Structures are given as structure tokens and as C-alpha cells.
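Okay, here's what each chain looks like letter by letter:
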Amino acid sequence: MNITFENKVAVVTGAGSGLGLATAKAFALSGASVVLADWDRESVESAADELKDQGCAVLAVQCDVADDAQVEAMVAQTVSTFGRLDIAYNNAGVQNVLAETADSTRDDYDRVMSINLDGVWSCMKFELQQMRRQGNGAIVNCSSLGGLVGGAERGTYHAAKHGVLGLTKSAALEYAARGIRINAICPGLFWTPMSEQMAASGQSEALDALLKAVPMGRYGKPEEIADVVLWLCSDASSYVTGQSISVDGGFIMR
């Protein structure tokens, strides 16, 4: 299947590395004009420069998705630069500090929720305002296997990711008849900078245990997330909305 995004405009948050970067590259190389957004200006500008060298139409925007004003400005800059907004992959996220619920801190809870849940809500709010004016659009929100199951010492992260699925389903109902489709993906075990940080913080044994539970027996590749996101944002999935798709090598089947 040849999926093209010629004359489409896409926004990807958390695009400076990992799943977001792989997906932004895939959109750009498939013909879309792409806004790469990330709180880390250096990483997102470097990624955008690389794509510009390949002839892609891209724009780097520094954006902290926990700040509504920055998110609103990101969408406004997208429209002022490229004229519209057709696609959004709301990917930005962080891990919580491992702790039992009784020992978790308010500061860490607020940090994780502000990015992983509030950030998705904020991005959808301003993206949908533009898509509603246009009468069309496609949004993919990044949840996690943590949005489908529980996890000891990860309650804050899992709560946020469960919330992403609730937001996705509710918004999908609101806009299903108005030409806007909204879905979520639930990535499993992928080797990304986030995984590297987990390993560096002493969670290698936990990662190894998770890997043993993956029927395919390997980590996912960021490009394998990109493929699913692009499909969900293409006309090939025109009758799909409100869904949460696990991309996990079969983990959730157990």
C-alpha cells in the first residue's frame, strides 16, 4: 500500500527523539509538511535541519505541552506557516519516578500528569479548534501498554496513560460525524531514549523481564510505530476512529 501525504500538514510533539522523531521523519518523507515540536530546542532543530537537507518542508518549534499558551502558539505557527493542520501525533511524554503509591510525591505526580495527560488534552483542544474550522483532520494520541494494564510503582504514569484513552474515545465521539478521526496507539517495549534512561536508572532487570513477556522476543523499532501512526492518519483507515491499537509484539495477548 502506497500511503502519501502530499499537500498535508502534520504536527508531531516529542519529535526531538524516539518515537516522535521516527514518525515526524516518516511523515516528511511521505510528502507532508511537518512541524516538529519538542521542549528541547536543540534536538528538534537538529532533526528539522536534517530533513530540510533531504528536501522536506519542515518547521522546528520549541514547545512544552504542559503550557497551554505554548501549545496554542504552536498550532497558530503551524497554520500561519503552512496554511492548515491536517494531522497531529500527540506523542510527548515522560516516565514517573518509581515509587509505591504511598511514597510517590505530589511534585512528580503533577509533573507526569501535566505532560502525559494534560499535555494531550491541551494539544487536542487547539488542534481540534483548527480542524473543526476546516471540517476534517486526523489525530493520534500516544498512550501506552500502561494505558491498558497496571504497573507496580508506576501508578502515576499508568493513570495518565489510561486517561489518554478516555480523552481519545470521548473526543472521537464528539467529532466522528464532522470529518475528524481520533485514535490512540499503545506502544509496548521499544528501545528509545526513554528506555535508555530507565536502564541507566537501574531498571535493566525490569526491562529484561518485560522483554521475556514479548511473544516476538524483541524490542520494537521506532519506525514500526511510525508505520501505524501514518496508517491511522491516512485515507486507508477512513472508517477507524476511537480505537486504541497495541503495537507491542503481542505482549497484551497474555
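Analysis parameters
- Going along each chain's sequence as written, the residues are numbered from 1 onward.
- Local features are withheld for residues below a pLDDT of 70 in this predicted model, meaning they are given only at 70 or higher, and side-chain atom pairs are given and counted only at 80 or more; totals for whole chains, interfaces and linings count all residues.
- Side-chain metrics in this entry use all non-hydrogen atoms of the structure; hydrogen atoms and water are not considered.
- Only DSSP runs of H or I reaching four residues or more are called helices, and only runs of E reaching two or more are called strands; each is numbered from the N terminus.
- Partly exposed residues are those whose accessible area sits between 20% and 50% of the maximum for their type, while under 20% is buried and over 50% is exposed, using a 1.4 Å probe and protein chains only.
- We call two residues in contact whenever any of their non-hydrogen atoms come within 4.5 Å of each other.
- With residues, only the protein chains shown are counted as cover, and all accessible areas are computed by Shrake-Rupley using a 1.4 Å probe.
- The definitions used throughout rest on a 1 Å grid laid over the protein atoms alone, on which a cavity is an enclosed set of points accommodating a 1.4 Å probe that cannot get out and a pocket is an open set flanked by protein within 12 Å on both sides along at least five of seven lines; lining residues are those having an atom within 4 Å of a point.
- Grid points are joined across faces, edges and corners, and a volume is the space filled by probe spheres set on the points.
- Charged means Asp, Glu, Lys or Arg here, nonpolar means Ala, Val, Leu, Ile, Met, Phe, Trp, Tyr, Cys or Pro, and polar covers whatever is left, Gly included.
- In this tally, Asp and Glu contribute negative charge and Lys and Arg positive charge; neither His nor the terminal groups of the chain are included.
- Whenever a carboxyl oxygen of Asp or Glu lies within 4 Å of a side-chain nitrogen of Lys or Arg, that contact is scored as a salt bridge.
- Here a polar contact is taken to be a pair of N or O atoms separated by no more than 3.5 Å, where protein atoms must pair a possible hydrogen donor with a possible acceptor and residues adjacent in sequence count only if both atoms sit in side chains.
- Only the contacting stretch of a helix is used when fitting its axis, a line to C-alpha atoms as for every element, and angles between N-to-C directions run 0 to 180 degrees.
- Rotating anticlockwise by less than a right angle from the far helix to the near helix defines a left-handed crossing, while the corresponding clockwise rotation defines a right-handed one.

Engineer: Would you explain the overall build of the protein chain in this entry?
Structural biologist: The secondary structure content of the protein chain amounts to 8 helices and 7 strands. Its C-alpha atoms give the protein chain principal-axis dimensions of about 45 × 40 × 35 Å. For the protein chain, the residues scored as buried account for 49% of the 254 residues in total. Considering only residue pairs separated by 6 or more positions, the protein chain has 71% of its internal contacts joining residues 24 or more positions apart. When the accessible area of the protein chain is evaluated, it comes to approximately 11800 Å², of which 50% is carbon and sulfur surface.

Engineer: Looking at this structure, I do not really get the layout of surface pockets. What am I missing?
Structural biologist: Which parts of space are left empty comes out when a probe the size of a water molecule is rolled across the atoms. What the second largest pocket holds in volume is close to 290 Å³. In terms of lining residues, the second largest pocket is bounded by 17 residues, among which Lys8, Arg181, Cys233, Ser234 and Asp235 are the most central. Split by residue class, the lining of the second largest pocket holds 6 nonpolar, 7 polar and 4 charged.

Engineer: Sorry if this is basic, but what is going on with the side chain of Asp38 here?
Structural biologist: The residue Asp38 is located in strand S2 (residues 33-38) in this model. Notably, Asp38 is buried but unbridged: the nearest opposite-charge side chain belongs to Arg41, and the N-O separation is 10 Å. Side-chain polar atoms of Asp38 contact the backbone nitrogen of Asp40, separated by 2.9 Å. Setting aside anything within four residues of it in sequence, one finds Asp38 in contact with Gly14, Ala15, Gly16, Ser17, Ser43, Val44, Val61, Gln62 and Cys63.

Engineer: It is not clear to me how the packing of helix H3 (residues 68-82) against helix H5 (residues 118-134) should be interpreted in this structure. Could you clarify?
Structural biologist: The N-to-C vectors of H3 and H5 enclose an angle of 35 degrees; their axes lie 9 Å apart at closest approach. In terms of crossing hand, the pair formed by H3 and H5 is right-handed. For the pair H3 and H5, contact is made by Asp68, Val71, Glu72, Met74, Val75 and Val79 and by Trp121, Ser122, Cys123, Phe126, Glu127 and Gln130, respectively.

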